[in-house]
Amino acid sequence: MLFVLFAVIVAFISYTTLTVNALSDNYNLYERGEKKYNNSYVYTQFKGTVKTPVSLFGQRSTFSGTSKSAWMGSSPYNADTVTHTDVIGVTKIGGFSVGYPGGVSASTSGSSASLSYSASNTWHVDVNYTYTINSWLILATSQKSTASFKFGSTFVVVDSEGDNVDGYANYWVS
């Protein structure tokens, strides 16, 4: 009986060690979406990593990288306004909080956060980002970017769409 108990404990520790190693990896995320406008196009994209280390008392996912939204045309040379938004999400157990740098317009809804940057009379918005999501247990994370370009009274909206049906670059923890 003691031998069986010992074998079960060793098997559990081995499984837990493998799981911890798998969960501690960095995962690379990239998506880009384009939309035609006025004989040219606008686009939005992000490229970065997400890391979710294992913790006994809550988890933190850290997203870091670069994102960009740009108008590639020359007529007009600049958009009146470019608003770039990074959207990060989490499948989780328990509540969640989001960490982000100052100067960002942020909002949360359900299990996601939208972090927006806006500039006037420009053709692009570039962002170097580090965002965090904290929760009791994180099962999966997601990310996408969107952009809105204002040209006079016309708004052109683009979303980074990837291979996933929901338009998010998904990273599953387990």
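Not measured: the values here are computed from a predicted model. (Residues numbered from 1 in each chain as written. Predicted model: local features only at pLDDT ≥ 70, side-chain atom pairs only at ≥ 80, totals over all residues. Heavy atoms only, no water.)

Enquirer: I keep staring at the pattern of salt bridges and nothing clicks. Help me out?
Expert: Side chains that differ in charge, positive against negative, can pair when their charged atoms come close. Per the counting criterion, the structure on display carries four salt bridges. Notably, a salt bridge pairs Arg 32 with Glu 34, separated by 3.0 Å at the nearest N-O pair. Look at Arg 32 and you get partly exposed, because its relative accessible area is 28%. Lys 68 is paired through a salt bridge with Asp 126; the nearest N and O atoms lie 3.7 Å apart. With a gap of 58 residues between them, Lys 68 in strand S3 (residues 59–71) and Asp 126 in strand S7 (residues 124–151) connect regions that are remote in the sequence. (Salt bridge = Lys/Arg side-chain N within 4 Å of Asp/Glu carboxyl O. Buried < 20%, exposed > 50% of the residue type's maximum accessible area, 1.4 Å probe, protein only. Helix = DSSP H or I, 4+ residues; strand = E, 2+ residues; numbered from the N terminus.)

Enquirer: Would you take a moment to explain the environment of Glu 31 for this structure?
Expert: Relative to the assigned elements, Glu 31 resides in strand S1 (residues 26–37). The exposure class assigned to Glu 31 is buried, which follows from its relative accessible area of 4%. Each C-alpha atom of the pair Glu 31 and Gly 48 lies 9.7 Å from the other, and the pair is 17 residues apart in sequence. For Glu 31, the side chain forms a polar contact with the side chain of Ser 160, separated by 3.3 Å. (Polar contact = N/O pair within 3.5 Å; in protein donor to acceptor, adjacent residues only side chain to side chain.)

Enquirer: Sorry, what's going on with unusual backbone geometry here?
Expert: Most peptide bonds take the trans form, and the phi angle of most residues other than glycine is negative. In this structure, Pro 76 follows Ser 75 across a cis peptide bond, with omega equal to 0°. As for its placement among the helices and strands, Pro 76 is situated in the loop between S3 and strand S4 (79–99). The phi angle at Asn 38 is positive, at roughly 50°, despite the residue not being glycine. Tracing the chain through its elements places Asn 38 in the loop between S1 and strand S2 (40–51). We note that Asn 39 has phi near 65°; this positive angle belongs to a residue other than glycine. Examined against the element boundaries, Asn 39 turns out to sit in the loop between S1 and S2.

Enquirer: How should I be thinking about the side chain of Ser 40 in this particular structure?
Expert: Residue placement: Ser 40 occurs in strand S2. There is a polar contact of 3.2 Å between the side chain of Ser 40 and the backbone nitrogen of Gly 73. Aside from chain neighbours lying at most four places away, what touches Ser 40 is Lys 35, Trp 71, Met 72 and Gly 73. (Contact = heavy atoms within 4.5 Å.)

Enquirer: When you look at a nonpolar patch on the surface in this model, what are you seeing that I'm missing?
Expert: Together, Ile 93, Trp 136 and Leu 139 make up an exposed nonpolar region whose accessible area comes to about 300 Å². Locating Trp 136 in the fold gives a position in strand S7. (Patch = residues over 30% accessible without salt bridge, like charges linked within 9 Å, V, L, I, M, F, W, Y side chains within 5 Å. Areas by Shrake-Rupley, 256 points an atom, 1.4 Å probe, with all protein chains shown as cover.)

Enquirer: Even after reading the chapter, I still don't get the pairing of S1, so can you show me in this structure?
Expert: Bridge count between S1 and S2: twelve bridges; the pairing is antiparallel. The residue bridging Gly 33 from the neighbouring strand is Thr 44, located in S2. Taking the residues that link successive antiparallel strands as the turn, the S1-S2 hairpin has two residues, and the phi of Asn 38 there is positive, at about 50°. (Pairing = 2+ DSSP bridges.)

Enquirer: Explain the packing of aromatic side chains to me, please; I cannot follow it from the model alone.
Expert: Think of a pair of aromatic rings as described by two things: how far the centres are apart, and how the planes are tilted against each other in angle. According to the stated counting rule, one finds six aromatic pairs in the structure shown. Between the aromatic rings of Tyr 41 and Tyr 43, the centroid separation amounts to 6.4 Å while the plane-to-plane angle is 35°, which identifies the pairing as tilted. Residue Tyr 41 is classed as partly exposed on the basis of its relative accessible area, which comes to 27%. With relative accessibility at 8%, the residue Tyr 43 sits in the buried group. (Phe/Tyr/Trp six-rings, centres within 6.5 Å; stacked < 30°, edge-to-face > 60°.)

Enquirer: Explanation requested: the side chain of Ser 67 in the structure shown.
Expert: Along the polypeptide, Ser 67 turns up in strand S3. For Ser 67, a relative accessible area of 3% puts it in the buried group. A distance of 3.0 Å separates polar atoms of two side chains, one belonging to Ser 67 and the other to Asp 86. Apart from residues lying up to four places away in sequence, Ser 67 is in contact with Gln 45, Phe 46, His 84, Asp 86, Val 125, Asp 126, Val 127 and Tyr 129.

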